[in-house]
Amino acid sequence: MTAYASWGRYPKATPAAVYRAHWTDEDLPGGSYSLLPYGNGRSYGDSCLNDGGALLDMRGLDRVLDFDRSTGVMRCEAGVLLADILSLVVPMGWFLPVTPGTRFVTVGGAIANDVHGKNHHRTGTFGQHVLRLALRRSDRGIVLCSPTENAELFHATIGGLGLTGAILWADIQLRPIANPGVDSETIRFANLGAFFDLSEESDRDYEYTVAWIDCLAHGKSLGRGLFMRGNHASPQERLPLPPRRTRTFPIEPPFPLINAWSLRAFNSLYYRKQMARMQRAITHYEPFFYPLDGILHWNRMYGHPGFFQYQCVVPSDFAKESIRALLETIATAKSGSFLAVLKAFGDRRSPGLLSFPRPGATLALDFPNQGQRTMDLLDNLDKIVTSAGGAVYPAKDARMSGERFRQYFPRWEEFQRYIDPRFSSSFWRRVMRT
């Protein structure tokens, strides 16, 4: 059987059966197993896993059904990758309205996790640009959903972690662009206070903003990093050079390559990667939006134990003190992350009952799986997030307790009414029983 795992490679899960979807008019498979749609496996924890149950592999539904070049409305099946959409529409002058940090995500996965991107302060989440979708349920067959048609089920499905049924296709509103390039600036900043100043300044004039943080820095340098901001290039700008050839991380090493020494060396070099404080460039959209996609299977560098991604959001009123406390806890534990991303969310309300983004600041980090030591660190981070009234992202989670989940997502009981009776996941069973 083909291996099915999450991107973090933890926890391990063994499905009892795998069914592959090929056509939108197919019935759901019979049998006694619970079902869960599986896209391209880019969720980090167990929200895309169904240990002991059945997975419904949706990658066979990979067709673009219609595209109106005059309006930018696309109808495509749930298994289409965002990369496939971009390859088709960028030459026509269109782009995704919202994109996460990898283009190797399916449309169904983008909806089920209501993904966000560098432009949340302007355009909100992916679900806000879904006009309509078709959902196959075990109890009702195919149900068409939109903000005005079966609206309650629509709002439960966006950010619904694949539990409300199998998304078959969706209508998505794309956005126009005049150039495949991004007019970008990278600014080195000295500490956390400088990040918040840059973020407030940049959100007014730049559609895309995000920062890389050196999470091992401490003292006066706590929160130092590189701030990236940009807009789609104008038609007058020169076309950017195409991205360099994609490479592949070839093997799974017997031990994690991410450790205290390599992290400290990488963070120090990366922070000083440019001579000037500010560097401006017209860059192709791929390295700007998807820097890690340049190395396929980069998750192998963490070895067999895998890794935890931890992404949280804390409300605006407590953002500065909470992010500072999180970074101080990480620096003290000396368990830093080479991928540490900090971004300010805007006020755009997410449409899903379980959508993660909300006004405030979001911090995303990767930690090698070092067993109980890592679990203890993440528990300490949870305490800071909970006391601030924040939340942890289910798509990136492999260990939050049910008590925490219910605090983070108070509409969970309302959502539960829309779960398909045959659908379940390792994540949902975990947070409902603990």
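Please read all numbers here as calculations on a predicted model, not as lab measurements. (Residues numbered from 1 in each chain as written. Predicted model: local features only at pLDDT ≥ 70, side-chain atom pairs only at ≥ 80, totals over all residues. Heavy atoms only, no water.)

## Some points on the overall build of the chain
So, step 1. Within the chain one finds 12 helices and 20 strands.
So, step 2. Computed over the C-alpha atoms, the radius of gyration of the chain is 21 Å, within 12% of the 22 Å expected from 2.2 N^0.38 for a compact globule of 434 residues.
So, step 3. Taking the principal axes of its C-alpha atoms as reference, the chain extends roughly 60 × 55 × 45 Å.
So, step 4. A total of 434 residues make up the chain; the buried ones form 59% of that total.
So, step 5. Within the chain, contacts between residues at least 6 apart in sequence are counted, and of these 76% link residues at least 24 apart.
So, step 6. Of the roughly 18200 Å² that the chain leaves accessible, carbon and sulfur atoms contribute 52%.
So, step 7. Positive and negative charge centroids in the chain, built from 50 and 42 side chains respectively, lie 6 Å apart. (Helix = DSSP H or I, 4+ residues; strand = E, 2+ residues; numbered from the N terminus. Rg over C-alpha atoms; globule rule 2.2 N^0.38 Å. Buried < 20%, exposed > 50% of the residue type's maximum accessible area, 1.4 Å probe, protein only. Contact = heavy atoms within 4.5 Å. Areas by Shrake-Rupley, 256 points an atom, 1.4 Å probe, with all protein chains shown as cover. Lys, Arg positive; Asp, Glu negative; His and termini not counted. Charge placed at Lys NZ, Arg CZ, Asp CG, Glu CD.)

## Details of the pairing of strand E12 (residues 208-213)
So, step 1. Burial runs high along E12: six of the six residues are buried.
So, step 2. Residues Tyr208, Val210 and Trp212 point to one face of E12 and Thr209, Ala211 and Ile213 to the other, with burial holding for every one of them.
So, step 3. Two strands pair when backbone bridges link them, and E12 and strand E13 (residues 225-232) are joined in this way by six bridges, in the antiparallel orientation. Each bridged residue has a counterpart across the sheet, and for alanine 211 the counterpart in E13 is phenylalanine 227.
So, step 4. Pairing analysis gives two bridges linking E12 to strand E18 (residues 340-345), with the strands arranged antiparallel. Paired with tryptophan 212 across the bridge in E18 is valine 341. (Pairing = 2+ DSSP bridges.)

## A closer look at the layout of surface pockets
So, step 1. Looking at the second largest pocket, its volume works out to about 600 Å³.
So, step 2. Taken together, 23 residues form the lining of the second largest pocket, with Ala3, Ala5, Ser6, Trp7 and Tyr38 sitting closest to its centre.
So, step 3. Partitioned by chemical class, the residues of the lining of the second largest pocket number 10 nonpolar, seven polar and six charged. (1 Å grid on protein atoms, 1.4 Å probe; cavity = no way out; pocket = protein on both sides within 12 Å on 5 of 7 lines; lining within 4 Å. Points joined across faces, edges and corners; volume = space filled by probe spheres on them. Nonpolar A, V, L, I, M, F, W, Y, C, P; charged D, E, K, R; others polar.)

## Looking at the sheet that holds strand E20 (residues 391-392)
So, step 1. Taken in spatial order, the eight strands line up as E15-E11-E13-E12-E18-E19-E17-E20 in an open sheet, and their pairing is antiparallel. This sheet does not close on itself; its edge strands, each paired only once, are strand E15 (278-284) and E20.
So, step 2. One ladder, built from eight bridges, connects strand E11 (residues 181-189) with E13; its direction is antiparallel. Each residue of the ladder has a partner; that of isoleucine 187, found in E13, is phenylalanine 227.
So, step 3. Helix-sheet contacts for helix H9 (residues 372-387) involve strand E17 (307-315), strand E19 (360-368) and E20, and the interaxial angle to E17 is about 10 degrees. (Axes fitted to C-alpha atoms, helices over the stretch in contact; angles between N-to-C directions.)

## Looking at the pairing of strand E2 (residues 35-38)
So, step 1. Neither face of E2 is exposed, since Leu35 and Pro37 on one face and Leu36 and Tyr38 on the opposite face are all buried.
So, step 2. Sheet topology places E2 next to strand E3 (residues 54-57); four bridges connect them, and they run parallel. Bridge pairing in E3 places proline 37 opposite leucine 56.

## Observations concerning helix H5 (residues 192-202)
So, step 1. Listing the buried residues of H5 in full gives Leu192, Phe195, Phe196, Leu198, Ser199 and Ser202. Looking straight down H5, one finds its buried side chains confined to an arc of 165 degrees; they lie on one side. Among the exposed residues of H5, those pointing more than 90 degrees away from its buried face are Asp197 and Glu200.
So, step 2. Looking at the buried side of H5, the elements it contacts are E11, E12, E13, helix H8 (319-333), E18 and E19. (Arc of directions from axis to C-beta.)

## Notes on the pattern of salt bridges
So, step 1. On inspection of all chains with the given rule, the structure shows 20 salt bridges.
So, step 2. Taking the shortest distance from any N to any O, the salt bridge between arginine 430 and aspartate 46 comes out at 2.8 Å. Taken together, the positions of arginine 430 in helix H12 (residues 426-433) and aspartate 46 in the loop between E2 and E3 put the pair 384 residues apart, joining distant regions of the chain. We note that arginine 430, like aspartate 46, is buried.
So, step 3. Sharing partners across several salt bridges, the network here consists of Asp46, Asp379, Asp382, Asp397, Arg399 and Arg430. (Salt bridge = Lys/Arg side-chain N within 4 Å of Asp/Glu carboxyl O.)

## Comments concerning the state of the cysteines
So, step 1. A full pass over the atoms with the stated rule returns zero disulfides.
So, step 2. No disulfide involves cysteine 76; its sulfur sits 16 Å from the nearest other cysteine sulfur, which is in cysteine 145.
So, step 3. Accessibility expressed as a relative area gives 0% for cysteine 76, which makes it buried. (Disulfide = S-S within 2.5 Å.)

## Points about helix H1 (residues 82-89)
So, step 1. Those residues of H1 not exposed but buried are Leu82, Ala83, Ile85, Leu86 and Val89. Across the axial projection of H1, the buried residues extend over an arc of 160 degrees, all falling on one side.
So, step 2. Those residues of H1 hidden inside the fold are in contact with strand E4 (64-68), strand E5 (73-77), strand E6 (94-95), helix H2 (107-112) and helix H7 (285-289).

Read these as spatial facts, not as claims about activity.
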